[in-house]
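Breakdown of the fold
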Number of protein chains: 2
Amino acid sequence: MNTPSALFVDLYELTMAQLYYERGMTREAVFELTVRELPEQWDYLIASGLDRALSFLEQLRFSEDDLEFLGSLPQFSQAFIDQLRRLRFTGDVWAPPEGAIAYPDEPLVQVIAPLAEAQIIETAMINQIAFPTLVASKAARAVDAAAGRPVIEFGGRRAHGAEAAIEASRATYIAGFEATSSVEAGRRFGVPITGTMAHSFVLAEGDEAEAFDAFVSRYPGTTLLVDTYDTQPGVANAVRTARRFGPGSVGAIRIDSGDLRTEAWQARVMLDTAGLSDVRIVASGGLDEYQIADLLSVNAPIDIFACGTSIVAPPDAATLDSAYKMVEYDGRPVAKRSPGKPGIGHRKQVWRLPEHDLIARFDEPPLGEAEPLLQQVMAAGQRTAAGSESLTQMRARAAVGRVPRRVETDPSLLR
Amino acid sequence: MNTPSALFVDLYELTMAQLYYERGMTREAVFELTVRELPEQWDYLIASGLDRALSFLEQLRFSEDDLEFLGSLPQFSQAFIDQLRRLRFTGDVWAPPEGAIAYPDEPLVQVIAPLAEAQIIETAMINQIAFPTLVASKAARAVDAAAGRPVIEFGGRRAHGAEAAIEASRATYIAGFEATSSVEAGRRFGVPITGTMAHSFVLAEGDEAEAFDAFVSRYPGTTLLVDTYDTQPGVANAVRTARRFGPGSVGAIRIDSGDLRTEAWQARVMLDTAGLSDVRIVASGGLDEYQIADLLSVNAPIDIFACGTSIVAPPDAATLDSAYKMVEYDGRPVAKRSPGKPGIGHRKQVWRLPEHDLIARFDEPPLGEAEPLLQQVMAAGQRTAAGSESLTQMRARAAVGRVPRRVETDPSLLR
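Residues numbered from 1 in each chain as written. Chains lettered and ligands numbered in written order. Predicted model: local features only at pLDDT ≥ 70, side-chain atom pairs only at ≥ 80, totals over all residues. Heavy atoms only, no water.

1. A few points about the overall build of chain A
Counted only if it meets this: A run of DSSP states H or I qualifies as a helix once it reaches four residues; a run of E qualifies as a strand once it reaches two. Both are numbered from the N-terminal end. Three labels apply to residues, based on accessible area from a 1.4 Å probe with only protein chains included: buried if under 20% of the type maximum, exposed if over 50%, partly exposed otherwise in between. Any two residues whose heavy atoms approach within 4.5 Å at even a single point are treated as in contact. Note on areas: Shrake-Rupley with a 1.4 Å probe; residue coverage comes only from the protein chains shown. Asp and Glu count as negative and Lys and Arg as positive, but His and the ends of the chain are not part of the count. Note on charges: their place is set at NZ of Lys, CZ of Arg, CG of Asp or CD of Glu.
A count of helices and strands for chain A gives 16 helices and 19 strands. Across its three principal directions, the C-alpha atoms of chain A cover 80 × 50 × 40 Å. Sorting the 415 residues of chain A into buried and exposed places 63% on the buried side. Long-range contacts, defined as pairs at least 24 residues apart, comprise 74% of the intrachain contacts of chain A with a sequence gap of at least 6. When the accessible surface of chain A is split by element, carbon and sulfur atoms take 49% of a total near 14500 Å². With 40 positive and 56 negative side-chain charges, chain A shows a spacing of 2 Å between the two charge centroids.

2. Thoughts on the sheet that holds strand β7 (residues 179–180) of chain A
Residue and element names in this part refer to chain A. Let me state the cut-off plainly: Whether two strands pair depends on DSSP finding at least two bridges between them. To obtain each axis, a line is fitted to C-alpha atoms, and for helices this fit is confined to the stretch in contact; angles are then taken between N-to-C directions over 0 to 180 degrees.
Pairing is parallel across the open sheet formed by six strands, whose spatial order is β7-β6-β11-β10-β9-β8. Only two strands of the sheet have a single neighbouring strand rather than two, namely β7 and β8 (222–225). With three bridges joining them, strand β10 (residues 280–284) and strand β11 (residues 304–307) adopt parallel strand pairing. In the sheet register, Ser284 faces β11, and the bridge partner there is Ala306. Set on the sheet, helix α12 (residues 260–273) makes contact with β9 (250–255) and β10; between it and β10 the angle comes to about 165 degrees.

3. Comments concerning the packing of helix α3 (residues 64–71) of chain A against helix α4 (residues 78–86) of chain A
Residue and element names in this part refer to chain A. Here is the rule: In these notes the angle categories are as follows: under 35 degrees is roughly parallel, over 145 is roughly antiparallel, 65 to 115 is roughly perpendicular, and the rest is oblique. In this scheme, a crossing is called left-handed if the near helix is turned counterclockwise away from the far one by less than a right angle; it is called right-handed if the turn is clockwise.
Running from amino to carboxyl end, α3 crosses α4 at an angle of 160 degrees, the nearest separation of the two axes being 10 Å. Considering their axes alone, α3 and α4 lie roughly antiparallel with respect to each other. For the element pair α3 and α4, the recorded crossing hand is right-handed. Residues Glu64, Leu67, Leu70 and Gly71 of α3 pack against Ile81, Leu84 and Arg85 of α4.

4. With respect to the interface of chain A and chain B
Inclusion rule: Buried area: the sum, over both parts, of the accessible surface (1.4 Å probe) that disappears when the two are put together. Salt bridge, as used here: a side-chain nitrogen of Lys or Arg that lies within 4 Å of a carboxyl oxygen of Asp or Glu. Any pair of nitrogen or oxygen atoms within 3.5 Å is treated as a polar contact; in protein, a donor-acceptor pairing is required on top of that, and neighbouring residues in sequence qualify only through side-chain atoms on both sides. The classification used treats Ala, Val, Leu, Ile, Met, Phe, Trp, Tyr, Cys and Pro as nonpolar, Asp, Glu, Lys and Arg as charged, and all other residues, Gly among them, as polar.
The interface of chain A with chain B comprises 100 residues on the first partner and 100 residues on the second. Buried area between chain A and chain B, summed over both chains or domains, comes out near 8100 Å², and the portion from carbon and sulfur atoms is 57%. Together, Arg157, His160 and Arg187 of chain A form the three largest contributors to the area buried by chain A at its contact with chain B, with a combined 11%. Seen at the junction of chain A and chain B, the total is twelve salt bridges. Across the pair Arg218 of chain A and Glu22 of chain B runs a salt bridge whose closest N-O atoms are separated by 2.7 Å. Summed over the shared surface of chain A and chain B, the result is 52 residue pairs in polar contact (both at pLDDT 80 or more). If one sorts the elements of the side of chain A that touches chain B by residue count, helix α1 (residues 11–22) of chain A sits on top with ten residues. Of the residues in the side of chain A that touches chain B, the class split is 47 nonpolar, 29 polar and 24 charged.

5. A word on the relation of the copies chain A and chain B
Under the convention used in this document: Alignment of copies: least-squares fit on C-alpha atoms of residues with pLDDT of at least 70 in both copies.
With an RMSD of 0.0 Å, the operation that places chain A on chain B is a rotation of 180 degrees combined with a shift of 0.0 Å along the axis. Taken together, the rotation angle and the small translation identify this as a two-fold axis. Same-surface contact between copies: 100% of interface residues of chain A are shared with the interface of chain B.

6. Re the domain arrangement of chain A
Residues and elements named next belong to chain A. This is how the line gets drawn: For the purposes of this description, domain bounds are those given by an automatic or database domain assignment.
Per the domain assignment, the segments of chain A are domain 1 (11–134 + 320–414) and domain 2 (136–312). For domain 1 and domain 2, the distance between their C-alpha centroids amounts to 38 Å. If you look at the interface, domain 1 gives 23 residues, while domain 2 gives 24 residues. Summed over both sides, the interface of domain 1 with domain 2 buries roughly 1900 Å², with 52% coming from carbon and sulfur. When the buried area of domain 1 at its contact with domain 2 is split by residue, Phe131, Leu391 and Arg395 rank highest and sum to 35% of it. Seen at the junction of domain 1 and domain 2, the total is three salt bridges. Residue Glu163 is joined to Arg52 by a salt bridge in which the shortest nitrogen-to-oxygen separation is 3.6 Å.

7. Brief notes about the nonpolar core
How we decide: The nonpolar core is taken to be a set of buried Ala, Val, Leu, Ile, Met, Phe, Trp, Tyr and Cys residues, with the residues joined through side-chain atoms within 4.5 Å.
Counting 268 residues, the largest nonpolar core has Leu14, Phe62 and Leu70 of chain A together with Leu14, Phe62 and Leu70 of chain B as its most contacted members. Those residues within four positions of Leu14 of chain B in sequence are excluded, and the remaining contacts are Val183 of chain A together with Val9, Phe62, Leu70, Phe76, Phe80, Leu84 and Ile120 of chain B.

8. A few points about the environment of Asp213 of chain B
Residue and element names in this part refer to chain B. Position of Asp213 among the secondary structure elements: in helix α10 (residues 208–218). The spacing of Asp213 and Val30 is 183 residues in sequence and 63 Å in space, taken between C-alpha atoms. Beyond its immediate stretch of four places on either side in the chain, Asp213 contacts Arg240, Thr241, Arg244 and Phe245.

The structure is reproduced here in structure tokens:
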């Protein structure tokens, strides 16, 4: 779960780079990473992943082991291997800060660097930015749907590997989740860690009531999982334990299966009848923004939503439709015109106005009250202050009220 | 991209483990990892990910840093921290070997270990097995659809982080893909590496014909990307370059956009007319088994399919519906009965018969001609020979003809 090696590269980036050097094509290029289209029903993105992408650039170097492997391939000359040995990322990077709202066609990363440097990082840039942005955006939608109720993340087991799990915990926290179940994410990023109990604890103990008593006596204020056998008797056992151990002993119950609305209502009535109005109800089980909205639209008495799989690997957005494309080379705007996937040349800036964003040529003069979205986060291979934010700053930025915005493209861009 | 740390654990696994120790619940447990339901239209899985999961178990230990962090949390006693310091995985593991076909409800991993050990590895086991199995299964479907034509993988940029990218390259190779674009996967696993060129090479060069000439003169036999501007003139430029540099100079052309069937036909006619019948056509652009089948059903003259996004992060299967559940504790079968998600107790073996699989209690006598699917891959924390296979062995296993199978459950299991 460290920074990817320099060999985290698609072969063609290296074969192209070798030719760039051999042909003296070493002038400055501008590449932009954009999302081309949002998943259906989505209307914004939350930028994320920049910190890791910048770490990759800072640490980019080909080790002797890397070079030895490349030397064993038929494609590469000794001269190129020697060039790679000296290669460091010396370019500038501009980007929206993490936690910022972003829209399709707006650069999520803009790289200005000698052509080969900007080319070799293609795979890593897309890979390191697109997934965290996907998860942060999905998570922000769940936070919006929960309308002020806490949402917590526990999708580590279903993420695409351990690295994706840890990055997803970080991204959901930036987007406004309250906590994660992942101990590693807690250690690494300071995300608050939370947890309840698994069905296996009840099964190993054998008796649900005894299992609840044991858990509460050791962890007062804990959350009891009530659906190992049958939810209503499970809630009854939780009530029994809460009464036995007194006020505050049971903080919440968790329902993980069945019709969550009905189960939550039955549980709420049972808890309130027993004088346990302070015991909260946590719901889990494949929840995302759609299920949360549905549950709240029918007034399900759920206090906390625990989301896993559907946030860290969204079923409605397996990936973002992202691309890292050259928009200028040696001062000349360039764009491919592939049918259905045209590009827009020119280095860009995005101006955020009260009612809409304006995508314009970078060299256009600043607009009056507009804020530029792209900040310089790296200068000549070194992070700037804007590229060194804390998670708290990013999270605060994402917490600002979100509204769908219009995005306009300055006609000068299309000339 | 190393083995996850011991803190790659959900908090509740540790709080439960502490209580297991405190309550003397240290007897042997059996946990099984299963897929509960296949994605729609799928009819089999290809088991993958075991090698990494076993590495995790072999290397499982809490470092002093890990323990210091856990000691800073309010939940854990010094006695438990000391227990974790000594903890090693001492259990047995049984599993289908990588590359084997598997079906829902069949254990993909079976862990037999002291309760706390088996519990603490829950997150890691699901995380390390489910994603590679997902990708290998999706990839095998693409191989089936391609009906003998080579399929290559270049999805690294769209995978969920660098680790997911590398694991996906490995999984697709096991499933029968011919090569990957990932240099790191090539180095780490010996997967053949392949590559073409990107639109940026043509754009930086400025002139497509010159770009093709430059590429072919440096990389004879290469693949030229013909759709940077407009595919038909692009093919015409490729023809020109192929004639100029002679037989074998252009190995293939790649079409990455537009109506692939029409573009491929037009390109095939142009190539054949120019006497370039040996130049092959590579298609790419969001391809998976469904698009491949569609293209072949209308006789698109495509020789090689290049698959990325839709294989490494399948849109029809963001995750597998997997669970790691206790099925025995201290010799007693256990199962939760949550509504809609019931389990089946008892440690199991899967018997593979010519016409179907039979899921039976592990202690049932072997069936006559049946082969046991689950092999012992780890004994007392050490890998066995069956847990130390080469990628070649796994790939050969996956290459055996696949047929949808019936899966039956021995009635003795349900008693």
